[in-house]
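# A look at the structure
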Amino acid sequence: MSANDFLLGGFAPAPESTDHFEIKKSYDLFIGGKWVKAAKRFETTNPATGEVLSEVALAGKKEVNQAVKAARKAYGEVWSKLSGAERGKYLFRIARLLQERAREFAVVESMDGGKPIRESRDVDVPLAAAHFFYHAGWADKLAYAFPGAGVSPIGVVGQVIPWNFPLLMAAWKIAPALACGNTVVLKPAETTPLTALKLAELFEDAGLPAGVVNIITGAGETGKALVEHPYVDKVAFTGSTAVGKEIRRSVAGTGKKFTLELGGKAANIVFEDAAVNEAVEGIVNGIFFNQGHVCCAGSRLFVQESIADTVIKKLKKRMESLVVGNPLDKNTDVGAINSVEQLERIKELVKAGKEEGACIWQPSGGLPRKGNWFKPTLFTECAQSHRIVQEEIFGPVLVIQTFRNPQEALTKANNTPYGLSGGVWTDKGSKIFKMTAGLNAGVVWANTFNKFDPTSPFGGYKESGIGREGGLHGLSAYCNLSH
Amino acid sequence: MSHLGIPKTYKLFIGGKFPRTESGRILEVRGPTGEFLANASRASRKDFRNAVVAARKASGGWAKSTAYLKGQILYRIAEILDGRSDQFVNELVGQGLPETKARTDVSEAVDLLVHYAGWSDKYQALFSTVNPVASPHFNFSTPEPVGVVGIIAPRRGSLPELVSAIAPALVGGNAVVALAGESALTAISFAEVLATSDVPGGIVNILTGHRDELVPEFAKHMDVNAVLLCSDDADERKIAELEAVENLKRMSLQPDRSLSPSPYHILDFQEIKTTWHPVGV
Amino acid sequence: MSALKLAVTMLDVTTLEGADSVGKVRQMCQKAMRPLPGDPSVGPAAAVCVYPRMVKTAAKAVEGSKVKVAAVATQFPSGQMRLKERLAEVRYAVGEGADEIDMVISRGQFLQGEYRAIYDEVAACKECCGEARLKVILETGELTTYDNVRYASDMAMSAGADFIKTSTGKVPIAATLPVTLVMLQAIEDFYERTGRMVGMKPAGGISNAKLALQYLVMVREVLGPKWLDNDWFRFGASSLTNDLLMQIRKQETGRYQSGDYFSQD
């Protein structure tokens, strides 16, 4: 072995082991505490390799109805009769079990969805466990959360979640719903059912009463049937703005409560008095974390013109050192694109960007041959009116524009129907607060990006959604208040 | 062949360790029919002094630890206590308590710990504010732990009484020196639970001893920031209040029984800090 | 494995004790030249690092090998003395045979805001070094903030430093990954501006091989492979040596090692 390997070659492989747990060959639906078969089935694959991981059930209208009925029964006969403290104890158990099986969940998440193991291990799974812990503590304290208002559960909650943070989104939905006394029917995304199914196994281990949480795998039609079911009292959806609008149309006039967490096109604003090297890390984290499959991704960089060249040069250098590859390798920075469909969408928009005259740049180096991959990409010479600046790409693609002064940055940043998140980089405190006050976004990160915590409310302005998740503010979505 | 038992030595709990009292004195504990049970340590003012030193040393780290970690640790205490319920029940029954009462006591104590564990990352949301001042400033108020809290637990000293007195100050980020009630053995067994629950040494210190000797010491010490006194005795309260004046200790006077679970007991041992910063370019 | 062996060649094997004697220094130099007896593919270390009084002994002991002699000077570790005497120390050490000088900046003056004095003392030491290369110890644990570390780094490099180094190893807080990152960023920006390479030496607190490899990865990702050479990167460590050797053996044999099988000099 030559002494120069470390200097010239890539890093030695550091694969996470996959031999200490089981992914079953097939999974059924988890309804009323039992595993229920469905007539139709479909496969879930590993987007990095194409390998089939398992075969899961496709819930049709019949099964959706079964699940909602089970949730209703569990609500009326068991869950609504428990004290808050007892509900809390179930949630504590779930949190603990998730901590204990953390590694298994992280590996399965990476295999099913494509995200790097470092992210699923260090971000997704710990945050998911923390969400259960946090909400476990609220279950017997709701009287303090709403001064002057009476609190009661809503009933049965129908929840539809996306493929970008499958386990974390399940935790964000299930934990507060249960803490507030509701029962749940949850449909995970079509391409990432596995961690939700394993969660169901975990609920069994925790002794959660049958029917309190029901997991029904399926595709768009399953979600539609769930949302439209007359016995679902509240709908929670995280996904694209387009589907969010459809859901809102279908609940109009029904009296169903709903919360939506939709798309975004966040502005990440870097001022000339920012700590530049740190800002570059923040930009990279903002758009390449989870391959850019993040609703709150910092997908539009606004860099002050006076430092634009410096920042872009450093950004390109940093992008050259990003490792794109096997999600299960601990060296990997950027994993696989979740599906062929998503890859095509990214490619289409990138093509549009080139055709509209923006200037594309990608780091050197190749991509693995099998699987769905896209290189971290940036576009310079972008204009406000370019498709790549207007539309959410949901991939590792950054568009860059310059600005001259704070007001211009704010105007351009806010000039979008979205309003989920934003970032500000400056060393000057007063400027931070001026910018964060002026940005029309539900989450603003100053000198950091993509930070999440169960105590910190998350959600969007405008077409990025309605409602908040997490924190004190996230509880009201799952309660009926009388005042 | 029956097993000849090994009676446990009940010492004090200071700085994460179990030292004997430096005074060499004992509290004799006898059962309901006068049979000898154990000699607990009768803490002196020097033991109390040492406990305050240990608490102060540990308090900075505990205050800075994340709310999440504090919640995890309190939940862990509950886990360990729940797992050891039989030990506690036997110890209480041995001292004359009916078994059903002993079981209720232990499960009440466990539930209190779980309850307060859940407050660790929520009381801040209740008790903080962003203040809409009339000048262009970002202005916010947040609670911070006072530091070292002396706790005189309710006199009877049952497990739930002791836990209800300690948990709020603890989950709020304070280091605690507690004078247990008369149920000395239960208090020290509880200290064993603390010692095996990932609680950093010095964060909770437990002394067993005589109230009339030690209450004034708790109230006098210049490096104790606050005191919780569970007492119905008017004289005892007055003495404590007078002694506390010298370093303007915060005093929380509560009745001589279990504290009801409430976030306001956490607030009792918090200071409110308000920060201003200009908004502008 | 290649990173582990590379790390060994980047060691500045160090002894800086009041009790250092000729015997102690000679034995340490042996270790630096042949860290793993019977395996010539491992080592030698980059340099030995000693007090000025021990330079002659060290130079004689490593004569004929590739190991360099580095001397701490300028009233190490505190730097609390007049510049005149501190420069005399540098000249003395160079005269005794030092290839490299590890100087300390005056943290007291830095914290007093006398930044010009820092620039001047580095420039003056560089002049006294002659052919010897100058490493400038910032003592980041006493500068405390990242902004201070960055500022001191920039000044030291402008004044002619060949290496910037984190610590003396004599205060509680020594090298950390974040502080090293700040210094690597400073080196990178300086290189962009001037075209001149400056080396990096994290010292103190790097006690195991795994951590050492994390430092190497950081250097590779921030500065690039050009800096992965003992002309431009050093570890200031003592206990790291044996852990690197143990890890190399473990990679070869598959067995976790025991300290009994490696010399403790």
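Residues numbered from 1 in each chain as written. Chains lettered and ligands numbered in written order. Predicted model: local features only at pLDDT ≥ 70, side-chain atom pairs only at ≥ 80, totals over all residues. Heavy atoms only, no water.

What follows deals with the overall build of chain C. In terms of regular secondary structure, chain C is built from 11 helices and 8 strands. By the compact-globule yardstick of 18 Å for 265 residues, chain C fits well, its C-alpha radius of gyration being 18 Å. Out of the 265 residues in chain C, the part that is buried amounts to 55%. Of all intrachain contacts in chain C linking residues separated by at least 6 positions in sequence, the fraction that spans at least 24 positions is 73%. Of the roughly 11,200 Å² of accessible surface on chain C, a fraction of 51% belongs to carbon and sulfur atoms. (Helix = DSSP H or I, 4+ residues; strand = E, 2+ residues; numbered from the N terminus. Rg over C-alpha atoms; globule rule 2.2 N^0.38 Å. Buried < 20%, exposed > 50% of the residue type's maximum accessible area, 1.4 Å probe, protein only. Contact = heavy atoms within 4.5 Å. Areas by Shrake-Rupley, 256 points an atom, 1.4 Å probe, with all protein chains shown as cover.)

Time to look at helix H1 (residues 2-9) of chain C. Within H1(C), 7 of the 8 residues are buried, which leaves the element mostly enclosed by the surrounding structure. Turning to H1(C), its buried residues are Ser2(C), Ala3(C), Leu4(C), Leu6(C), Ala7(C), Val8(C) and Thr9(C).

Residue and element names in this part refer to chain A. Note on placement: Glu 261 falls in strand E11 (residues 257-261). Overall, Glu 261 belongs to the buried group, its relative accessible area being 3%. Beyond its immediate stretch of four places on either side in the chain, Glu 261 contacts Phe 237, Thr 238, Gly 239, Cys 295, Leu 420, Phe 458, Ser 464 and Glu 469.

Geometrically, the link from Gly43(C) to Pro44(C) is a cis peptide bond, its omega value of 0° lying close to zero. Positionally, Pro44(C) belongs in the loop between helix H2 (22-33) and strand E2 (47-50). Of note, the phi angle at Phe394(A) is positive, near 60°, even though the residue is not glycine. Residue placement: Phe394(A) occurs in the loop between helix H14 (387-390) and strand E16 (397-403). Residue classification places Phe394(A) among the buried residues on the basis of a relative accessible area of 17%. Even without being glycine, Glu139(C) reaches a positive phi, approximately 55°. Along the chain, Glu139(C) turns up in the loop between strand E5 (133-137) and helix H7 (140-143). Looking at Glu139(C), the relative accessible area reads 1%, which means it is buried.

Bringing the side chain of Lys314(A) into the picture now. Here Lys314(A) shows up in helix H12 (residues 308-320). Engagement of the side chain of Lys314(A) in a polar contact is seen with the side chain of Asp189(C), the distance being 2.4 Å. Apart from the residues within four sequence positions on either side, Lys314(A) is in contact with Val276(A), Asn277(A), Val280(A), Glu188(C) and Asp189(C). (Polar contact = N/O pair within 3.5 Å; in protein donor to acceptor, adjacent residues only side chain to side chain.)

This paragraph deals with the pattern of salt bridges. Counted according to the given criterion, the structure contains 67 salt bridges over all chains. In this structure, Arg121(A) and Asp122(A) form a salt bridge, with 2.8 Å as the shortest nitrogen-oxygen distance. Exposure remark for Arg121(A): the relative accessible area of 24% places this residue in the partly exposed category. For the salt bridge of Glu271(B) with Arg250(B), the shortest nitrogen-to-oxygen distance reads 2.4 Å. Here Glu271(B) is found in strand E10 (residues 270-278), whereas its partner Arg250(B) is found in strand E9 (residues 250-254), with 21 residues between them in sequence. (Salt bridge = Lys/Arg side-chain N within 4 Å of Asp/Glu carboxyl O.)

Further remarks concern the confidence of the model for chain C. Overall, the predicted model of chain C reaches an average pLDDT of 96, with 100% of residues at or above 70. Overall fold confidence for the complex sits at a pTM of 0.94, while the interface term, ipTM, reaches 0.93. (pLDDT = per-residue confidence, 0-100.)

Here we come to the environment of Val157(A). Residues and elements named next belong to chain A. Counting through the fold element by element, Val 157 comes out in strand E7 (residues 156-160). Classification of Val 157 as buried rests on a relative accessible area of 0%. Distance in space between the C-alpha atoms of Val 157 and Phe 258 is 9.4 Å, their sequence separation being 101 residues.

Turning to the interface of chain A and chain B, a few remarks are in order. Contacts between chain A and chain B engage 23 residues on the former and 24 residues on the latter. Together chain A and chain B conceal approximately 2,100 Å² of surface at their shared face, both sides included; 68% is due to carbon and sulfur atoms. On the chain A side of the interface with chain B, the three residues burying the most area are Arg96(A), Tyr144(A) and Phe433(A), jointly 29% of the side's total. Arg96(A) is paired through a salt bridge with Glu79(B); the nearest N and O atoms lie 2.4 Å apart. Run the count over chain A and chain B and you get 9 residue pairs in polar contact (both at pLDDT 80 or more). Going through the elements one at a time, helix H3 (84-100), helix H5 (117-138) and helix H16 (429-438) of chain A are the ones with two or more residues in the side of chain A that touches chain B. Top element by residues in the side of chain A that touches chain B is H5(A). It accounts for 6 residues. Residues that form the side of chain A that touches chain B fall into these classes: 10 nonpolar, 5 polar and 8 charged. (Buried area = accessible area lost by both parts, 1.4 Å probe. Nonpolar A, V, L, I, M, F, W, Y, C, P; charged D, E, K, R; others polar.)

This next bit is on the pairing of strand E7 (residues 204-207) of chain B. Residue and element names in this part refer to chain B. Neither face of E7 is open: one carries Val 204 and Ile 206, the other Asn 205 and Leu 207, and all of them are buried. Bridge count for strand E6 (residues 175-179) against E7 is 4 bridges, and the pairing is parallel. Its bridge partner lying in E7, Ala 178 is registered against Ile 206. (Pairing = 2+ DSSP bridges.)

In this section: the nonpolar core. Looking at soluble globular proteins, one finds that nonpolar side chains tend to be buried together. In terms of nonpolar packing, the biggest core is built from 175 residues, with Phe132(A), Ile174(A), Leu315(A), Phe190(B) and Ile206(B) touching the most fellow members. Sort the elements by how many residues they give to this core and helix H7 (residues 166-179) of chain A lands first, with 11 residues. When residues are assigned to domains, this core turns out to be shared by domain 1 (26-262 + 462-482) and domain 2 (267-446) of chain A, each giving three or more. Once residues within four sequence positions are removed from consideration, Phe190(B) is found in contact with Ile77(B), Leu81(B), Phe88(B), Leu113(B), Leu159(B), Leu162(B), Val163(B) and Ile206(B). The next biggest cluster of nonpolar side chains, apart from the first, holds 87 residues, and it includes Met155(C), Ala161(C), Ala186(C) and Val198(C). (Core = buried A, V, L, I, M, F, W, Y, C linked by side-chain atoms within 4.5 Å. Domains from an automatic or database assignment.)

With that settled, consider the interface of chain A and chain C. With 16 residues of chain A at the interface, the matching set in chain C holds 17 residues. Buried area between chain A and chain C, both sides added, is near 1,400 Å², and the carbon and sulfur share of it is 50%. Across the chain A-chain C interface, the total number found is 3 salt bridges. When the shortest N-O distance is used, the salt bridge between Lys317(A) and Glu188(C) registers 2.6 Å. On the surface where chain A and chain C come into contact, there are 6 residue pairs in polar contact (both at pLDDT 80 or more). At the level of secondary structure, the elements contributing two or more residues to the side of chain A that touches chain C comprise helix H1 (5-8), helix H11 (276-288) and H12 of chain A. Sort the elements by how many residues they give to the side of chain A that touches chain C and H12(A) lands first, with 4 residues. In terms of residue class, the side of chain A that touches chain C is built from 5 nonpolar, 5 polar and 6 charged.

What follows covers the sheet that holds E10(B). Backbone-to-backbone hydrogen bonds join strands into a sheet, with any given pair of strands oriented parallel or antiparallel. Taken in spatial order, the 3 strands of this open sheet run E3-E4-E10 (chain B), and their pairing is antiparallel. Of all the strands in the sheet, just strand E3 (129-130) and E10 of chain B have a single pairing partner and so form its edges. Pairing geometry for E3(B) and strand E4 (residues 137-145) of chain B, over 2 bridges, is antiparallel. The residue of E4(B) that forms the bridge with Val130(B) is Phe140(B). Strands in contact with H16(A) are E4 and E10 of chain B; relative to E10(B), the strand with the most contacts, it is inclined by about 90°. (Axes fitted to C-alpha atoms, helices over the stretch in contact; angles between N-to-C directions.)

Further remarks concern the arrangement of the chains. In this assembly, 2 pairs of chains are in contact, and the pair with the greatest number of contacts comprises chains A and B. Spatially, chain B is disjoint from chain C: no contact exists, and the shortest C-alpha separation is 17 Å.

The next subject is the packing of H3(A) against H5(A). Residues and elements named next belong to chain A. Between H3 and H5, the shortest axis-to-axis distance is 8 Å and the interhelical angle comes to 165°. Of the possible angle classes, the one that applies to H3 and H5 is roughly antiparallel. Crossing handedness for the pair H3 and H5: left-handed. Taken together, the residues of H5 that come into contact with H3 (itself represented by Gly 88, Leu 91, Phe 92, Ile 94, Ala 95, Arg 96, Leu 98 and Gln 99) are Ala 128, Ala 129, Phe 132, Phe 133, His 135, Ala 136 and Gly 137. By residue class, the composition of the contact of H3 with H5 is 10 nonpolar, 4 polar and 1 charged. (Parallel < 35°, antiparallel > 145°, perpendicular 65-115°, else oblique. Left-handed = near helix turned anticlockwise from the far one by under 90°.)

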